[in-house]
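Descriptive analysis of the structure
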Amino acid sequence: MPRGFFITFEGGEGAGKSTQIARLATLLRDGGKDVVVTREPGGSPGAEAIRHVILSGAAEPFGPQLETLLFAAARADHVDRVIRPAIERGAIVLCDRFIDSSRVYQGLASPEARDLVAATEPIAVAGAMPDMTLIFDLDPEEGLRRAGRRRGADSVDRFEREDLDTHRKRRQAFLDIAAREPERCIVIDAAADAETIETVVVSAVIAALNARAEPGKDGA
Ligand code: TYD
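Not measured: the values here are computed from a predicted model.

1. Some remarks on the overall build of the protein chain
When helices and strands are counted, the protein chain shows nine helices and five strands. Counting from the amino terminus, helix and strand elements in the protein chain follow one another as β-α-β-α-α-β-α-α-β-α-α-β-α-α. Taking 17 Å as the expected radius of gyration for a compact globule of 220 residues, we find that the protein chain reaches 17 Å, a close match to that expectation. Counting only C-alpha atoms, the protein chain reaches 50 × 35 × 30 Å along its principal axes. Sequence-distant contacts in the protein chain: of pairs separated by 6 or more residues, those separated by 24 or more amount to 77%. Working note: accessible area of the protein chain is about 10,500 Å², and carbon and sulfur atoms make up 55% of it. Of the charged side chains in the protein chain, 29 are positive and 36 negative, and the gap between their average positions amounts to 2 Å.

2. Concerning the side chain of Q106
You can see Q106 is positioned in helix α4 (residues 99-106). Overall, the relative accessible area of 3% leaves Q106 in the buried class. If sequence neighbours within four positions are ignored, Q106 has contacts with T68, F71, S101, A113, R114, V117 and F159.

3. So, the site of the ligand
By nearness alone, 18 residues border the ligand, and E13, K17, R97, S102 and Q106 come closest of all. Interatomic distance of 2.8 Å between a side-chain N/O atom of K17 and an oxygen atom of the ligand. At 3.2 Å, a side-chain N or O of R51 approaches an oxygen atom of the ligand. For the ligand, the protein covers 94% of the area, taking 550 Å² as the surface of the free molecule. Among the cavities detected, the one that contains the ligand is the largest pocket. Where the shell around the ligand is concerned, the elements lending two or more residues are α2 (45-55), α3 (64-88), α4 and α6 (140-151). Take the shell around the ligand: its biggest share by element is four residues, from α4. Partitioning the shell around the ligand into residue classes produces five nonpolar, three polar and ten charged.

4. Things to note about the packing of α6 against helix α7 (residues 164-180)
The N-to-C vectors of α6 and α7 enclose an angle of 110°; their axes lie 9 Å apart at closest approach. With respect to their mutual orientation, α6 and α7 come out roughly perpendicular. Two packed elements cross with a definite hand, and for α6 against α7 that hand is right-handed. Between α6, through P140, E141 and L144, and α7, the contact on the second element is made entirely by L164, H167, R168 and R171. Looking at the contact of α6 with α7 residue by residue, the class counts come to three nonpolar, one polar and three charged.

5. A short note on the pattern of salt bridges
Side chains that differ in charge, positive against negative, can pair when their charged atoms come close. By the definition in use, this model includes 26 salt bridges. Measuring nitrogen to oxygen at the nearest pair gives 3.7 Å for the salt bridge that ties E60 to R158. Residue E60 is located in the loop between α2 and α3, and its partner R158 is located in the loop between α6 and α7; the two are separated by 98 residues in the primary sequence. Residue E60 is classed as partly exposed on the basis of its relative accessible area of 30%. With a relative accessible area of 7%, R158 lands in the buried category. Of the charged contacts in the structure, one is a salt bridge between R158 and E162, with a shortest N-O distance of 3.3 Å.

6. Looking at empty space enclosed by the protein
As enumerated under the stated definition, the model contains two cavities of 30 Å³ or more in all. Its volume calculated, the largest cavity comes out at about 140 Å³. Taken together, 17 residues line the largest cavity, and the ones lying closest to its centre are G12, E13, L138, H167 and R171. Those elements that place two or more of their residues in the lining of the largest cavity are β4 (132-137), α6 and α7. Take the lining of the largest cavity: its biggest share by element is four residues, from α7. Its residues assigned to classes, the lining of the largest cavity shows eight nonpolar, four polar and five charged.

Rules behind the numbers
Residues numbered from 1 in each chain as written. Predicted model: local features only at pLDDT ≥ 70, side-chain atom pairs only at ≥ 80, totals over all residues. Heavy atoms only, no water. Helix = DSSP H or I, 4+ residues; strand = E, 2+ residues; numbered from the N terminus. Rg over C-alpha atoms; globule rule 2.2 N^0.38 Å. Contact = heavy atoms within 4.5 Å. Areas by Shrake-Rupley, 256 points an atom, 1.4 Å probe, with all protein chains shown as cover. Lys, Arg positive; Asp, Glu negative; His and termini not counted. Charge placed at Lys NZ, Arg CZ, Asp CG, Glu CD. Buried < 20%, exposed > 50% of the residue type's maximum accessible area, 1.4 Å probe, protein only. Near = heavy atom within 4 Å. Polar contact = N/O pair within 3.5 Å; in protein donor to acceptor, adjacent residues only side chain to side chain. 1 Å grid on protein atoms, 1.4 Å probe; cavity = no way out; pocket = protein on both sides within 12 Å on 5 of 7 lines; lining within 4 Å. Sits in = over half its atoms within 2 Å of the grid points. Nonpolar A, V, L, I, M, F, W, Y, C, P; charged D, E, K, R; others polar. Axes fitted to C-alpha atoms, helices over the stretch in contact; angles between N-to-C directions. Parallel < 35°, antiparallel > 145°, perpendicular 65-115°, else oblique. Left-handed = near helix turned anticlockwise from the far one by under 90°. Salt bridge = Lys/Arg side-chain N within 4 Å of Asp/Glu carboxyl O. Points joined across faces, edges and corners; volume = space filled by probe spheres on them.

Below you can see the structure in the form of structure tokens.
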């Protein structure tokens, strides 16, 4: 049975994930690969409906536990309808944010939300853990500047709006995940220019795909 490859892109605000996902997708498609580009929260019709509820801030007054469950519900639908079918047909799936964003954003919001992220993760992910996660690491001050330039200051979403100290804690939490799971996670220096980042991303992905194609060679 063909099995595809599942890559997630994580990091703070304005780190340049979407630019790199688009570039990588073009390159892989030019090489004849079946590539699915998707994102969270969202990526399936049901999950996109939940995305709107979350990012508008409509769920915020009800607290981080409710938001955690909404992210988990959106993820379960997205995995079920988009990610798993794509992997099963042999596609390469590039997903802008996934479970590590819940671990970091909701996990830092309250101890109860952190426990709920851990409890719902197996249900939402349902075995479809990423094969590879690229963590885009950037000083949050620079990231927020970039995100502001991209969107215009008055369209800042519910999570971008939070204070700098919170963004710094998120940065550290992503780095902690990378340190705990080095076989899955690669930290990308997102302060570099887009061309340099593209070179790093492409070579890491190609190496991982080749290692999978020739499992005997390096024990993967
Ligand atoms: P989005 O506009 O997709 O932002 P970005 O370009 O930063 O990826 O907004 C998604 C926001 O939702 C982002 O601030 C991170 C947050 N988020 C969580 O808090 N938990 C999650 O599980 C996910 C997937 C995203």
